[in-house]
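Descriptive structure summary
Here is what each chain is made of, one letter per residue.
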Amino acid sequence: MCWTTSGALLQKERVRRLLRDTWERYANVQFTEFIDCPNPLTEPQFNLSYVRARLDIDAANPNRNGDGSADEGMHALSNWANGGFSWGIVVGENTPSGRFDYLTVHEFGHTLGFHHEQDRDDDPLRLPDGTACQSGAPASGPKYTVLDRDSIMNYCNYTNNSSGRLSRLDILGAQSVYGPSAWYQGMKSRLLPLVDMNADGRPDAVYLRDKQGQLSFHVNSSLSQNGAAWITNTTGGVGALGWLTGHANADAKEDILQLWNNSGTVEVIVWNASGNNYQHVSSFPLQGSLQAFKYLAVDVNADGRTDIAELAPVNTNQLQIKVHGATANNFYQTVSTTPMSTGMGAVEWLTGDVNADGKTDIFQVWNDNGAVGILVYKANAAGTAYEHAYVNGAGIQGAVAASRFFAIDLDQDGRTDIVQARDVGGQLELRVHKNVGGTQFTTTWSGIMPAGAGALDWLVGDTNLDGVPDLIQLWANEGYLDVLLWRWNGSAFVSAYATTNLFGAPTAALAFHAADVTGDGRADIIQIEDDSQGSARVRFFIYDGGTNTFNRASAIPQLGPL
């Protein structure tokens, strides 16, 4: 990319930062150089194709709202001989920052090949004469997502074209064309589940930042109020085979376990929760497999310390489970390796307690020729290894396709049941696969619910203090975040008919969680999001049991730079 106009250095630097924080952050694309456009007559070594960009400040109209234009895709590349420019915006000195951000990100969306969203031929808001939102002729090109009212490429978006924030579907669309960025793929593992790092019974948020290859802890332990994150930079590397949270020393504070490859040897680094940060304890060599495809946090012997279950292939794609045990406070070693005579394929891996012995068991939900299959590996009597539970699944009914599965103890007998949420022609079906005595699973209930199956995410949490977690279905309601709440009444799942006052919360999120933020025992919704300015922040929606409503909280705690 090169500039055809001089000056406006602050604005040009803002353009560069906006690209880093939007398209480049999520998709596998990179804009480079940002030099003054060379003249190939005097600099023939630069006779290359560039996105020739101009940025003009309208001195005569300081309050100008701004506008822009851009060529699409490969047409945006040109050399000096072509002349002109292929990307440009014009703003006034007082153009609002949000409008500047929108123009920049929108026009570079065109550079990446994306057309106006409102011009799609499946847009129901299009008027017969094609004038809806200044729309042009209907466009029938390839569609990478469903119609997105909230898109940065849509003139009708909900921000009124005054924000550079990418929508959830903008991100999915860019990733479907260019692939996800390396940052995005790493972030998904480093943005940890909520933890309780100070044993106060409240959730805390932790982001493990990759700071040029070194690990930086970003922690916010006051999610109910505004405040900055505690940031601790370390000299340790950020590379990991997997990240887990749990209790390395049974002190009620949740620690972090970093599994990594130390020159061919699997090791685990223990980071202890201490105050508002984490402290390095040690790195322990394990007899692990570098072919492991999943690590699970378990308590194989019910001692209150978190062990590690490693799932890896052995003997031509059969499953092997190793246990790396917390054999003393903050000390790990491999205690067992058990080949299983089963395959590794799974629709979902879950953990729970199959037989009410207080030890963590592993559930493998798999595709049994189109039907739901459930295999269980239980902690052995010695609490050192996993073995087949040999549960009888003959009573399981229903198809496995287009489903999510959840481990919930519905009848509070201490044994984990499996709940299935399935898309049946666009409608939501819920099924209960009951754990009967720890020896068999059988489908005891199913129902088509009065709602669609679409979900941004599914969460599990107890909102009515009955001891049974509810299913929380997050969905996109015309571009805004909305909630459906499903409760088990002892014999069936029913709608709780919860209402929402989320005040236009966006659907784009780095992660969603359910946890009790206020300390009333009820599950609230936590949304960790990109602020589109290079940092992460936390929004939360408090469940009010008296009014059966999720309300958007005013506080927005911070998690620091991404």
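Coordinates for the structure precede this section.
This section reports on the structure supplied with the text. (Residues numbered from 1 in each chain as written. Predicted model: local features only at pLDDT ≥ 70, side-chain atom pairs only at ≥ 80, totals over all residues. Heavy atoms only, no water.)

**Examining the overall build of the chain**
When helices and strands are counted, the chain shows five helices and 36 strands. Compactness check: the chain gives a C-alpha radius of gyration of 26 Å against a globular reference of 24 Å for 562 residues, within 12% of the reference. With respect to the principal axes defined by its C-alpha atoms, the chain has extents near 80 × 55 × 50 Å. Counting only residues that meet the buried cut, the chain has 52% of its 562 residues in that class. Here the contacts in the chain between residues at least 6 apart in sequence split such that 50% fall between residues at least 24 apart. Accessible area for the chain stands at about 23,400 Å²; split by element, carbon and sulfur atoms hold 48% of it. Distance between charge centres in the chain, computed from 37 positive and 60 negative side chains, equals 3 Å. (Helix = DSSP H or I, 4+ residues; strand = E, 2+ residues; numbered from the N terminus. Rg over C-alpha atoms; globule rule 2.2 N^0.38 Å. Buried < 20%, exposed > 50% of the residue type's maximum accessible area, 1.4 Å probe, protein only. Contact = heavy atoms within 4.5 Å. Areas by Shrake-Rupley, 256 points an atom, 1.4 Å probe, with all protein chains shown as cover. Lys, Arg positive; Asp, Glu negative; His and termini not counted. Charge placed at Lys NZ, Arg CZ, Asp CG, Glu CD.)

**Let's talk about the side chain of His 433**
You can see His 433 is positioned in strand E25 (residues 427–436). At a separation of 2.9 Å, a polar atom in the side chain of His 433 contacts the side chain of Gln 420. Within the local environment of His 433, its side chain forms a polar contact with the side chain of Thr 443, the two groups lying 2.8 Å apart. Ignoring any residue separated from it by four or fewer positions in sequence, one finds His 433 in contact with Val 372, Ile 374, Ile 396, Gln 397, Asp 417, Ile 418, Gln 420, Phe 441, Thr 442 and Thr 443. (Polar contact = N/O pair within 3.5 Å; in protein donor to acceptor, adjacent residues only side chain to side chain.)

**Things to note about the environment of Ala 297**
Structurally, Ala 297 can be placed in strand E14 (residues 294–298). Judged by relative accessible area, which is 33%, Ala 297 ranks as partly exposed. In this structure the C-alpha to C-alpha distance between Ala 297 and Gly 173, which are 124 residues apart in sequence, comes to 33 Å. Ignoring sequence-local partners within four residues, the contact set of Ala 297 consists of Leu 244, Thr 245, Thr 306 and Asp 307.

**So, the sheet that holds strand E9 (residues 230–237)**
Read across the sheet, three strands follow the order E7-E8-E9 without closing on themselves; strand pairing throughout is antiparallel. Both outer strands of the open sheet, strand E7 (205–211) and E9, are each paired with one neighbouring strand and no more. Averaged over all pairs of adjacent strands, the angle between their axes in this sheet comes to 25°, without regard to strand direction. Across seven bridges, E7 lies against strand E8 (residues 214–220) in antiparallel orientation. By the bridge assignment for E8, Lys 211 is matched with Gln 214. (Pairing = 2+ DSSP bridges. Axes fitted to C-alpha atoms, helices over the stretch in contact; angles between N-to-C directions.)

**Re the state of the cysteines**
Applying the stated criterion to the full structure yields one disulfide. Across a sulfur-sulfur distance of 2.0 Å, Cys 2 and Cys 37 are joined as a disulfide pair. Between Cys 2 and Cys 37, the disulfide has an S-S torsion of 85° and is therefore right-handed. Of this pair, Cys 2 sits in strand E1 (residues 2–3) while Cys 37 sits in the loop between strand E2 (35–36) and strand E3 (50–57), and the two are 35 residues apart along the sequence. (Disulfide = S-S within 2.5 Å.)

**Structural notes on the nonpolar core**
By size, the foremost hydrophobic cluster in this structure holds 52 residues, and its most contacted members are Trp 23 and Leu 510. Here this core gets five residues from one element, more than from any other, and that element is helix H3 (residues 97–111). Residue contacts for Trp 23: discarding those within four places in its chain leaves Val 29, Val 105, Phe 108, Gly 109, Leu 112, Phe 114, Ile 152, Leu 166, Asp 170 and Ala 174. Counting residues in each nonpolar core, the second largest holds 19 residues, with Phe 406, Ala 453, Val 468 and Trp 488 among its members. (Core = buried A, V, L, I, M, F, W, Y, C linked by side-chain atoms within 4.5 Å.)

**Brief notes about the sheet that holds strand E19 (residues 361–368)**
Spatial ordering of the open sheet is given by E18-E19-E20-E21, a layout of four strands whose pairing is antiparallel. Two strands close off the open sheet at either side, each with one partner strand: strand E18 (348–352) and strand E21 (386–388). Direction aside, neighbouring strands of the sheet carry axes that sit 30° apart on average. Two strands pair when backbone bridges link them, and E18 and E19 are joined in this way by five bridges, in the antiparallel orientation.

**Quick look at helix H5 (residues 182–190)**
Every buried residue of H5 is listed here: Trp 183, Tyr 184, Gly 186, Met 187 and Arg 190. Each buried residue of H5 lies within a common arc of 170° when the element is viewed along its axis, so the set occupies one face. As for H5, its buried residues are in contact with helix H2 (23–26), helix H4 (168–178), E7 and strand E10 (242–246). (Arc of directions from axis to C-beta.)

**Some points on the packing of aromatic side chains**
Per the counting criterion, the structure on display carries 17 aromatic pairs. Relative to Tyr 480, the ring of Tyr 158 lies with its centre 4.2 Å away and its plane at 35°, an arrangement referred to as tilted. Separated by 322 residues along the polypeptide, Tyr 158 in the loop between H3 and H4 and Tyr 480 in strand E29 (residues 480–488) bring together distant segments of the chain. Following the ring pairs from residue to residue traces out a cluster consisting of Trp 3, Phe 31, Trp 87 and Phe 108. When the ring centre of Trp 183 is taken as reference, the NZ or CZ atom of Arg 25 above it lies at 4.8 Å. Between Arg 54 and the ring centre of Phe 85, over which it is positioned, the NZ or CZ distance is 5.3 Å. (Phe/Tyr/Trp six-rings, centres within 6.5 Å; stacked < 30°, edge-to-face > 60°. Lys NZ or Arg CZ within 6 Å of the ring centre and 35° of its normal.)

**Considering the environment of Asp 121**
Note on placement: Asp 121 falls in the loop between H3 and H4. Separated by 33 residues in the primary sequence, Asp 121 and Asn 154 have C-alpha atoms spaced 13 Å apart. Within polar-contact distance, the side chain of Asp 121 engages the side chain of Lys 143 at 3.0 Å.

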